[in-house]
Amino acid sequence: MNFGFNEEQELLRSTARKFFDNECASETVRKLMDGPEGMTPDLWKKIAEQGWTGLIFPDEHGGMGLGFVDLVVLMEEMGRSVVPGPFFSTVLLGGLAIREAGTDAQKKAWLPKISSGDARATLAWMEPSAELGAGGITLQAAAKGAGFTLDGTKLFVHDAHTADVIVVAARTSSGQNPPAGGQNPPAGGQNPEDGVSLFLVPKGTPGLSVTLLPTMDQTRKLCEVGLKDVALGADALMGQAGSGWAPLARVIDRATVALCAEMCGGAQKVLEMTVEYAKIRQAFGRPIGSYQGVKHKAADMLVDVENSKSITYYAAWAMDEGVPEGQLAVSMAKAYVSDAYRRVSGAGIQLHGGIGFTWEHDLHLYFKRAKGSEFTFGDATWHRERVAQLVNL
């Protein structure tokens, strides 16, 4: 394993930092988060022109064919600037789900459009129960002729109001087949991972409704998606009926790693802002950074940031290499980085004093992003439990 980034990845980092410093400064972020879309067509076009919307998609579908270690570099820079908009939902959720589970025809129809920035996508996975596992997917997809009819509600769907297509996870059977890999079936005899199917639901499909939800982190747009007697043809089914959980789980794991990288970038920026402030803010005739209490707090922030990067980079490498402990690496990263970003952004506000609590200062943008990301794809407690299960505790 190479512990450093190569020249191309460092070039991607410097290019992305310069781009977001110029195109998505704090003033722009505040304007974007006040609007319902969270993105302007002009900025989205510029992001797509960089090739970033196709970064992880194959060359044959208009992408760059790069891996998650490369993506981590970009996501760190996006987190550093608290970039709003549908990049995460389009590339890491909807687009990645099509890459992992779509048929050749579905990939050919949607991935080139996503890579070029001409289409946006998202993933409707969670439901009002907020259960993260396969058992939380209860939305019914009833077979009707050669197609299916979907009925139910999805919650916390990223940017569904601007998506051209939504990947919807639904249940086509109650799950009678045993788990893969020769494992024993769960108590009760049913396997919740069996019977989950994925469907492509284009914008404007009759019976599809989208409601924008209020969020604490205004840079993230979340929606409620309603499906009432939504009739879909057989070509809307992604892969085999009832076999959608495996690719969906891969998408969630990879998106979790990308979210961790975004949190690392935000935490690094908060640390830099705080250290800079501690050098110039005077108290009793000297910079506050010269006081032991401030030094120690800043040192704790640095330890959190560096540990977060190390564990996230390892998880990204594990995803690219497909190592057996990949799921363990993902949950270890999410458990640590969720807590670390919250601690760093909270400490940054405390060390700034009164000005850190004001609307005009940018620190609240990072703190709210940290709190929102903390619970996205499961909080630290959920992932610690998953780690315990994966090591058979």
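What comes next concerns the included structure. Bear in mind that the values here come from a model prediction, so they are computed numbers and not experimental data.

1. Quick look at the overall build of the chain
Working step 1: The number of helices and strands found in the chain is 11 helices and 10 strands.
Working step 2: In terms of C-alpha radius of gyration, the chain reaches 21 Å, essentially the compact-globule figure of 21 Å for 393 residues.
Working step 3: In terms of overall dimensions, the chain has C-alpha extents of about 80 × 50 × 40 Å along its principal axes.
Working step 4: Excluding contacts between residues fewer than 6 apart, the proportion of contacts in the chain whose partners are at least 24 apart in sequence is 76%.
Working step 5: Of the roughly 17200 Å² of accessible surface on the chain, 54% is carried by carbon and sulfur atoms.
Working step 6: On the chain, the mean spot of the 37 positive side-chain charges and the mean spot of the 45 negative ones are 5 Å from each other.

2. Considering helix α6 (residues 104–116)
Since the α-helix packs 3.6 residues into each turn, any two residues three or four apart lie on the same face.
Working step 1: With 13 residues, α6 ought to run about 18 Å at 1.5 Å a step, and its terminal C-alpha atoms sit 18 Å apart, in line with that.
Working step 2: Remark: the principal bend of α6, roughly 30°, maps to W110, with a proline, P112, within the next four residues.
Working step 3: Residues of α6 that are buried include every one of Q106, K107, W110, L111, I114 and S115, and no others.
Working step 4: On its buried face, α6 sits against α5 (87–101), β1 (121–124), β4 (165–171), β5 (196–202) and β8 (237–238).
Working step 5: Backbone geometry just downstream of α6 places G117 in the positive-phi region, at approximately 85°.

3. Side note on a nonpolar patch on the surface
Working step 1: On the surface, L390, V391 and L393 cluster together into a nonpolar patch covering about 300 Å² of accessible area.
Working step 2: Judged by relative accessible area, L393 falls into the exposed class, the value being 83%.

4. Focus: the nonpolar core
Working step 1: By size, the foremost hydrophobic cluster in this structure holds 96 residues, and its most contacted members are F20, W52, F87, L92 and W125.
Working step 2: Examining the composition of this core, we find that 19 residues originate from one element, helix α7 (residues 245–280), more than from any other.
Working step 3: Aside from chain neighbours lying at most four places away, what touches L92 is F68, L71, M75, F87, V251, R254, A255 and A258.

5. Describing the packing of aromatic side chains
Working step 1: Following the criterion strictly, the structure yields eight aromatic pairs and no others.
Working step 2: Centre to centre, the rings of F148 and F199 are 5.0 Å apart; their planes meet at 65°, and the pair counts as edge-to-face. Separated by 51 residues along the polypeptide, F148 in strand β3 (residues 147–158) and F199 in strand β5 bring together distant segments of the chain. Across this residue pair, the class does not change: F148 and F199 are buried.
Working step 3: Each member of the aromatic cluster is reached from another via a ring pair, and the members are F19, F20 and W52.
Working step 4: The ring of W44 carries R120 above its face, with NZ or CZ at 5.0 Å from the centroid.

6. A word on the environment of T138
Working step 1: Within the secondary structure, T138 is located in the loop between β1 and β2 (140–144).
Working step 2: The class for T138 is partly exposed, based on a relative accessible area of 47%.
Working step 3: With 33 residues separating them along the chain, T138 and R171 place their C-alpha atoms 5.9 Å apart.

7. Considerations on the state of the cysteines
Working step 1: Taken as a whole and judged by the stated rule, the model has zero disulfides.
Working step 2: Cysteine C223 is unpaired, with the sulfur of C24 as its nearest cysteine sulfur at 19 Å.
Working step 3: For C223, a relative accessible area of 0% gives the class buried.
Working step 4: C260 forms no disulfide, and the closest cysteine sulfur to it belongs to C264, at a distance of 6.8 Å.

8. Examining unusual backbone geometry
Working step 1: One non-glycine residue with positive phi stands out, namely V82, at about 50°.
Working step 2: Residue placement: V82 occurs in the loop between α4 (68–80) and α5.
Working step 3: If you check the backbone angles, A130 has positive phi at about 60° while not being a glycine.
Working step 4: With respect to the secondary-structure elements, A130 resides in the loop between β1 and β2.

9. Observations concerning the pattern of salt bridges
Working step 1: All told, the structure shown has 21 salt bridges when counted by the stated rule.
Working step 2: The partner of R13 in a salt bridge is E10, and the shortest N-O contact between them spans 3.9 Å. Remark: E10 and R13 occur in helix α1 (residues 7–23); sequence separation between them is three residues, near one turn of the helix.
Working step 3: By relative accessible area, R13 is classed as buried at 14%.
Working step 4: Note on E10: relative accessible area 36%, which makes it partly exposed.
Working step 5: For E374, the salt bridge identified is with K371, shortest N-O distance 3.3 Å. A residue pair is termed a helical-turn pair when its members lie 3 or 4 positions apart in one helix, as E374 and K371 do in helix α10 (residues 363–375) at three residues.
Working step 6: Classification of E374 as buried rests on a relative accessible area of 8%.
Working step 7: By relative accessible area, which is 22% here, K371 ends up partly exposed.
Working step 8: Each of the salt bridges in this network shares a partner with another, and the network as a whole consists of E10, R13, R17, E76 and E77.

10. A short note on the pairing of β5
Working step 1: By the criterion of burial, β5 is predominantly enclosed, with six of the seven residues buried.
Working step 2: Bridging between β4 and β5 involves seven bridges; their strand directions are antiparallel. Looking across to β5, one finds that V168 is bridged to F199.
Working step 3: As judged from the two bridges shared by β5 and β8, these two strands associate in the antiparallel manner. Counterpart to L198 in the pairing with β8 is M238.

So, how was this worked out
- Residues numbered from 1 in each chain as written.
- Predicted model: local features only at pLDDT ≥ 70, side-chain atom pairs only at ≥ 80, totals over all residues.
- Heavy atoms only, no water.
- Helix = DSSP H or I, 4+ residues; strand = E, 2+ residues; numbered from the N terminus.
- Rg over C-alpha atoms; globule rule 2.2 N^0.38 Å.
- Contact = heavy atoms within 4.5 Å.
- Areas by Shrake-Rupley, 256 points an atom, 1.4 Å probe, with all protein chains shown as cover.
- Lys, Arg positive; Asp, Glu negative; His and termini not counted.
- Charge placed at Lys NZ, Arg CZ, Asp CG, Glu CD.
- Expected span 1.5 Å × (residues − 1).
- Bend = angle between axes of the 7 residues up to and from the residue.
- Buried < 20%, exposed > 50% of the residue type's maximum accessible area, 1.4 Å probe, protein only.
- Patch = residues over 30% accessible without salt bridge, like charges linked within 9 Å, V, L, I, M, F, W, Y side chains within 5 Å.
- Salt bridge = Lys/Arg side-chain N within 4 Å of Asp/Glu carboxyl O.
- Core = buried A, V, L, I, M, F, W, Y, C linked by side-chain atoms within 4.5 Å.
- Phe/Tyr/Trp six-rings, centres within 6.5 Å; stacked < 30°, edge-to-face > 60°.
- Lys NZ or Arg CZ within 6 Å of the ring centre and 35° of its normal.
- Disulfide = S-S within 2.5 Å.
- Pairing = 2+ DSSP bridges.

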